Amino acid sequence: MRVTNNMMLRNTTSNINNNKYSVNSLNNQMSSQKKISRPSEDPVVAIRALRLRSNLSEINQYYEKNIPDADAWLNVTETALENMKTILSDIRTQCTYGASDQLKAEDRKTILTQLESLRKQIYSEGNSDSAGRTVFTGYRTNCKLTFMEDESNTEYNIQQKFSYEDIGEHRYYDGQVELKTAEEMSQKVTTSDTKQYTYDRIRLAYGNIGSLKDKDGNEIAVGNTGTLSYHYTDNTGAAKTGDLNVTVYETEDDWKKAVKAGNMPKDGAAFIKSTGELVLGNEASETLKQNKASIELNYDKKGNEIYQDIDYIIAVNQTLTVNTNASDVFNADIGRDVDEMINAVKAAIDANDKVDKIKDMMSQAAYSGVSAQENLQTWLEAAQKEADYANDNLQKLYDSYIGNFDEYLSDVNLSITTVGSKGDRLELTETRMSNQQLTVKTLKSNNEDRELSDIIIDYTAAYTAYQASLQAAGMLNQTTLLNYI
């Protein structure tokens, strides 16, 4: 085949362009240190790069955002639970201290101050937040667990179920001594005789109840009697329903008047709205216990409770519930128990103060008359009886509440353990995601990147070939057919 000069020139030009393209491609690689700049240069590398980049982006979302956010949430929750544990432990310590029968006036005042301070702190821990999101309120992270201010126009209907195990004995007192003036003491006066009533009761989660509904859902007015239903299983396994007659009273004092008047039926119950208590007659209480019955109370009250899980996706097909619901830790009975202890301490302080005041009055000249002294002695005996009741109630109440706070502490410890196990799972996942992130980054780099030293070597070879092709083309063009004519 005859090869002409034009054919040689065309081939030379094509080779020069190819070498120049190689030089340009390697120059781009040297600048970016990437194997390709366009998918068309190597479709296999491009497809693999897209897949690895997508995988790395997903891993970065888990490792750099979701996992740290979940870890922060768990840390805030654990701190709040540890604080709650400390508070409950302090209250239990006060119970142990208060159960002593050797308390003095200053001891009672110290206990009262401690309890009032701890009472305020109990539920404030429930408002703990992580980056402005409340951690104990489920999905409603923009809401506080406890009401920050009174909401007189907001009312909720609550249905609270109780079993026979929720029935507990409680002591009530009536007939507190009221001190008189010196002029009144010089005359013959009668004093109140403090009485103690012991009844079984069911205590609701709240006091100051708006209204109680009967078994048909109708409100039972104050002073009226309605019917509640309780449920149990008989010896044959059949489900049974019984009726319990309940009389509603506005305050505890109103109910005590009814008790003194003999209007507390043995087979019925009384509901006190101010304290949120269902006080059971002896026979009614025994019936519920023997049948192992359950009873549901339907009432209106300002309040709220939510139960929702917040799940974080911390890895592919792996979720972690980071929140702890308030219902698992913040038992409404905690505040109710503390309130009753505070009231018992106040009653003991007041009763013992009366005794001290009467003793002081007996030593004053204004009460030196025989009649006044006799009256004061009578009042002293009555006040001492009231103080003895108050001291005894305080001791027994604290002694019984030690067990209650042991249960509350058990719930908090369980929640702390649960949060700790979640933290361990999160830490293991974080370690795995860190290794996975490093692995994918390495694969991505191997697929897309080139070592600069390798690029320089290839660039030098390509540039040398390009320069050689230019020199060869220059020598070829210097000789034509005319040189041989």
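Note that residues are indexed from 1 along each chain, following the sequence as it is written. Local features are withheld for residues below a pLDDT of 70 in this predicted model, meaning they are given only at 70 or higher, and side-chain atom pairs are given and counted only at 80 or more; totals for whole chains, interfaces and linings count all residues. Here the side-chain values reflect all heavy atoms present in the structure, with hydrogen atoms and water set aside.

Aromatic rings in a pair are described by how distant their centres are and how their planes are angled relative to each other. Working definition: a ring pair exists when centres of Phe, Tyr or Trp rings (six-membered ring for Trp) sit within 6.5 Å. Plane angles under 30 degrees give stacked, over 60 give edge-to-face, the rest tilted. Scanning the model with the defined rule gives six aromatic pairs in all. Here the aromatic rings of Phe405 and Tyr408 are separated by 5.1 Å at their centres, their planes lie at 85 degrees, and the arrangement is edge-to-face. Of this pair, Phe405 and Tyr408 are both found in helix H8 (residues 370-448), three residues apart, which corresponds to roughly one turn of the helix. Accessibility classification places Phe405 together with Tyr408 in one group, the buried group. Following the ring pairs from residue to residue traces out a cluster consisting of Tyr172, Tyr199 and Trp255. Secondary structure counts use DSSP, requiring at least four H or I residues in a row for a helix and at least two E residues in a row for a strand, with both numbered from the N terminus. Only protein chains enter the calculation, and the probe is 1.4 Å; a residue is then buried if its accessible area is under 20% of its type maximum, exposed if over 50%, and partly exposed in between.

It is worth spelling out the pattern of salt bridges at this point. The term salt bridge refers to a side-chain nitrogen of Lys or Arg lying within 4 Å of a carboxyl oxygen of Asp or Glu. Counted under the stated rule, the structure contains 20 salt bridges. Asp300 is paired through a salt bridge with Lys213; the nearest N and O atoms lie 3.5 Å apart. Here the residue Asp300 occupies a position in strand E11 (residues 294-301), and Lys213 occupies one in strand E6 (residues 211-213), the gap between them amounting to 87 residues. By the burial criterion, Asp300 is buried, and Lys213 matches it. The network of salt bridges with common partners includes Arg201, Arg203, Glu277, Asp333, Asp337 and Glu340.

Turning next to the pairing of strand E8 (residues 239-249). At least two bridges found by DSSP between two strands is the condition for calling them paired. Where strand E7 (residues 225-233) and E8 come together, nine bridges link them in antiparallel fashion. By the bridge assignment for E8, Thr233 is matched with Ala239. In terms of strand pairing, E8 meets strand E9 (residues 269-272) through four bridges, oriented parallel. Across the sheet, Val248 pairs through a bridge with Phe271, a residue of E9.

Next up on the list: the packing of helix H3 (residues 105-124) against helix H7 (residues 332-362). Fitted lines through C-alpha atoms give the axes, limited to the stretch in contact for helices. The angle between two N-to-C directions lies from 0 to 180 degrees. H7 packs onto H3 with a crossing angle of 160 degrees between their chain directions and a minimal axis gap of 10 Å. By the criterion of interaxial angle, the relationship of H3 to H7 is roughly antiparallel. Seen along the crossing, H3 lies across H7 with a hand that is left-handed. Along the contact surface, H3 presents Arg108, Lys109, Ile111, Leu112, Leu115, Glu116, Arg119, Ile122 and Tyr123, while H7 presents Ala332, Ile334, Gly335, Val338, Asp339, Met341, Ile342, Val345, Lys346, Ala348, Ile349 and Asn352. As a working rule, the residues Ala, Val, Leu, Ile, Met, Phe, Trp, Tyr, Cys and Pro are called nonpolar, Asp, Glu, Lys and Arg charged, and the rest polar, with Gly in that last group. Counted by class, the contact of H3 with H7 contains 13 nonpolar, two polar and six charged residues. What sets the label is the angle itself: under 35 degrees gives roughly parallel, over 145 gives roughly antiparallel, 65 to 115 gives roughly perpendicular, and the rest give oblique. Whether a crossing is left-handed or right-handed is set by the direction in which the near helix is turned from the far one by less than a right angle, anticlockwise for left-handed and clockwise for right-handed. Contact criterion: two residues are considered in contact whenever any of their non-hydrogen atoms come within 4.5 Å of each other.

On to the nonpolar core, then. The biggest cluster of nonpolar side chains holds 68 residues, and the ones touching the most others in it are Ile91, Met341, Tyr398 and Phe405. Contributing elements (two or more residues each) for this core: helix H2 (43-98), H3, strand E12 (311-315), H7 and H8. Note on terminology: a nonpolar core comprises buried Ala, Val, Leu, Ile, Met, Phe, Trp, Tyr and Cys residues joined through side-chain atoms within 4.5 Å. Of all hydrophobic cores here, the second largest spans 24 residues; its members include Leu204, Tyr230, Leu244 and Ala293.

Another aspect to go through is a negative patch on the surface. On the surface, Asp71, Asp424, Glu427 and Glu430 cluster together to form a negatively charged patch. For the negative patch, the leading source of residues is H8, giving three residues. Locating Asp71 in the fold gives a position in helix H2. Patch construction takes residues with relative accessible area above 30% that form no salt bridge. Like charges are linked within 9 Å, and nonpolar side chains (Val, Leu, Ile, Met, Phe, Trp, Tyr) are linked within 5 Å. What sets the accessible areas is the Shrake-Rupley method with a 1.4 Å probe; for residues, cover comes only from the shown protein chains. Think of it this way: Lys and Arg go in the positive column, Asp and Glu in the negative one, and His and the chain ends go nowhere. Here the site of a charge means NZ on Lys, CZ on Arg, CG on Asp, or CD on Glu.

Looking now at the layout of surface pockets. Counted as a void, the second largest pocket has a volume near 820 Å³. Looking at the lining of the second largest pocket, the elements that each hand over two or more residues are strand E4 (168-174), strand E5 (195-203), helix H5 (252-260), H7 and H8. Per-element tally for the lining of the second largest pocket: the top contributor is H7, with nine residues. Of the two site types, the cavity is a set of points on a 1 Å grid over the protein atoms alone where a 1.4 Å probe fits but cannot get out, and the pocket is an open set with protein on both sides within 12 Å along at least five of seven lines, each lined by residues with an atom within 4 Å of a point. Grid points are joined across faces, edges and corners, and a volume is the space filled by probe spheres set on the points.

The subject of this paragraph is H3. Since the α-helix advances by 3.6 residues per turn, residues separated by three or four positions end up pointing in the same direction. Expected span of a helix: the number of residues minus one, times 1.5 Å. Its 20 residues give H3 an end-to-end C-alpha distance of 30 Å, which sits within 8% of 28 Å, the value for a rise of 1.5 Å per residue. For H3, the complete set of buried residues consists of Asp107, Arg108, Ile111, Leu112, Leu115, Leu118, Ile122 and Tyr123. Seen end-on, H3 carries its buried residues on one side only, within an arc spanning 145 degrees. The outward face of H3, more than 90 degrees from its buried face, is lined by the exposed residues Glu106, Thr113 and Lys120. Taken from the helix axis, the directions to the C-beta atoms give the arc we talk about.

Below, the discussion takes up unusual backbone geometry. Phi at Asn208 takes a positive value of approximately 50 degrees, unusual for a residue other than glycine. Topologically, Asn208 is positioned in the loop between E5 and E6. Classification of Asn208 by relative accessible area gives exposed; the value is 57%. In this structure, Lys292 is a non-glycine residue whose phi angle is positive, near 50 degrees. Its location among the elements puts Lys292 in the loop between helix H6 (282-290) and E11.

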